[in-house]
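Listed here are the chains, written in short residue letters.
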Amino acid sequence: MDTTSPIHYVIKITCPATTGIVASITSYLAEQGCYITELAQFDDEETGRFFMRGVFRLTAAARSDIAAIRSGFGPVAEHFGMEWELFSSAEPMKVLLMVSKFDHCLADLLYRRSKGEIGLNITAVVSNHLDLRPMVEREGLRFIYLPVTKENKAEQEAELMKIVQDTRTELVVLARYMQVLSNELCRQLAGRAINIHHSFLPGFKGAKPYHQAHARGVKLIGATAHYVTADLDEGPIIEQEIQRVDHTYRADDLVAVGRATETVALARALKYHIEHRVFANHDKTVVFR
């Protein structure tokens, strides 16, 4: 992180939609000497919910520090029945990656991290196979091998949660982790686990999805990044990517296209989440790009 850059803070707010919300928030921040650099809002008329994401920094004329600003915002939040969070750019999100044998999503995230495109603190890389251990350890990251069988699945998931808690991991990313998580684990990771699904429409389940797509003559290859839920590959969608294909593409060509769409969709979803741009909205999400 560039220590010469000013610290920015992100405030996330959701509450029942009504008048005066934005005015009250911006007035409060201005009174505290905060300079707002970004502001996005959405009023969901179907649910009657209001969503807002703001970014600000403290000016030289700030009347108090961020702790006092956070405390002083309480009455404003209470008045509007807000659910709100405040984050600092000085604290990169702690992320645990999970992988199996496919390396394209992992390699892409490590590259983007090295180039500063995605600011995250990788706490560990967990895998049920040893194939990607050399790649992980070359980056100086902790690799944890947790092989999963029917007999030890509950035990290994308990160990995973222990790792999450011990490392204070804030987000788990399934970067082509080829194991179905139990309902209990999905519940424990609700809202803080992202998966990449190898399909847009239609959905081909099981082995070799791109070969199934080739057999059906698909015209679009896609990938969907979503939050993990007990309903397999049906969690709230964060990001999707598609690419048009045609009859000249062989099955192996579709696999290559699929790898590209998966990496792009997952990287964007991760970036949106760690920049606090994603809001849960029942079975959907609000994403301020």
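For the structure itself, look to the data block above.
These lines cover the structure that appears in this document, whether it is placed above or below. (Residues numbered from 1 in each chain as written. Predicted model: local features only at pLDDT ≥ 70, side-chain atom pairs only at ≥ 80, totals over all residues. Heavy atoms only, no water.)

Right, let's talk about the side chain of His 197 for a bit. With respect to the helices and strands, the residue His 197 is situated in strand β9 (residues 193-197). The contacts of His 197, once residues within four sequence positions are left out, are Ala 223, Thr 224, His 226 and Asp 233. (Helix = DSSP H or I, 4+ residues; strand = E, 2+ residues; numbered from the N terminus. Contact = heavy atoms within 4.5 Å.)

So, about the side chain of Asp 44. Take Asp 44: it is sitting in strand β2 (residues 34-44). Lys 284 provides the closest opposite charge to the buried, salt-bridge-free Asp 44, at an N-O distance of 4.8 Å. Within the local environment of Asp 44, its side chain forms a polar contact with the backbone nitrogen of Glu 46, the two atoms lying 2.9 Å apart. Discounting residues that sit within four places of it in the chain, Asp 44 has contacts with Arg 49, Phe 51 and Asn 281. (Buried < 20%, exposed > 50% of the residue type's maximum accessible area, 1.4 Å probe, protein only. Lys, Arg positive; Asp, Glu negative; His and termini not counted. Salt bridge = Lys/Arg side-chain N within 4 Å of Asp/Glu carboxyl O. Polar contact = N/O pair within 3.5 Å; in protein donor to acceptor, adjacent residues only side chain to side chain.)

Take the pattern of salt bridges next. Under the defined criterion, the tally for this structure stands at 17 salt bridges. Among the ionic pairs, Arg 112 bridges to Glu 117, the shortest N-O distance being 3.1 Å. Of the charged contacts in the structure, one is a salt bridge between Asp 166 and Lys 162, with a shortest N-O distance of 2.8 Å. With a gap of 4 residues between them, Asp 166 and Lys 162 both fall in helix α6 (residues 153-166), about one helical turn apart. The structure contains a network of salt bridges with shared partners spanning Glu 38, Arg 53, Lys 271, Glu 275 and Arg 277.

To continue, consider α6. Counted at 1.5 Å a residue, the expected span for α6 with its 14 residues is 20 Å, and the 20 Å between its end C-alpha atoms agrees. Residues of α6 that are buried include every one of Gln 156, Glu 157, Leu 160, Met 161, Ile 163 and Val 164, and no others. Along the axis of α6, the buried positions cluster into a sector of 155°, meaning they face one direction only. α6 presents Ala 154, Glu 155, Gln 165 and Asp 166 as exposed residues on the side facing more than 90 degrees away from its buried surface. Elements that come into contact with the buried residues of α6 comprise β5 (93-99), β6 (120-127), β7 (143-145), β8 (171-174) and α7 (183-188). Of the residues trailing α6, Arg 168 is marked for its positive phi of about 55°. (Expected span 1.5 Å × (residues − 1). Arc of directions from axis to C-beta.)

Another point: helix α9 (residues 251-274). With 24 residues, α9 extends 34 Å from end C-alpha to end C-alpha; this agrees with the ideal 34 Å at 1.5 Å per step. One or two positions beyond α9, positive phi appears at His 276, with a value near 60°.

What the 7 strands build is an open sheet, ordered β7-β6-β5-β8-β9-β10-β11; its pairing is mixed. The two strands at the open ends of the sheet, each matched to only one other strand, are β7 and β11 (237-244). With strand direction ignored, the average angle separating the axes of adjacent strands in the sheet is 20°. Here β5 runs beside β6; their pairing, made up of 7 bridges, is parallel. (Pairing = 2+ DSSP bridges. Axes fitted to C-alpha atoms, helices over the stretch in contact; angles between N-to-C directions.)

Let us now look at the packing of aromatic side chains. Counted under the stated rule, the structure contains 6 aromatic pairs. A centroid spacing of 6.4 Å and a plane angle of 25° characterise the contact between Phe 42 and Phe 51, whose relative ring orientation is stacked. Its relative accessible area of 2% is what places Phe 51 among the buried residues. Cluster of aromatic residues (ring-pair linked, three or more members): Phe 42, Phe 51, Phe 279 and Phe 288. (Phe/Tyr/Trp six-rings, centres within 6.5 Å; stacked < 30°, edge-to-face > 60°.)

This next bit is on the environment of Arg 142. Structurally, the position occupied by Arg 142 is in the loop between α5 (133-138) and β7. Spatially, the C-alpha atoms of Arg 142 and Gly 48 are 45 Å apart, while their sequence positions differ by 94 residues.

Now for the packing of helix α4 (residues 104-114) against α9. In the contact formed by α4 and α9, the axes pass within 9 Å of each other and the chain directions differ by 45°. Overall, the two elements α4 and α9 adopt an arrangement that is oblique. For the pair α4 and α9, the sense of crossing is right-handed. The residues of α9 that touch α4, namely those facing His 104, Cys 105, Asp 108, Leu 109 and Arg 112, are Arg 259, Glu 262, Thr 263, Leu 266, Ala 267 and Leu 270. (Parallel < 35°, antiparallel > 145°, perpendicular 65-115°, else oblique. Left-handed = near helix turned anticlockwise from the far one by under 90°.)

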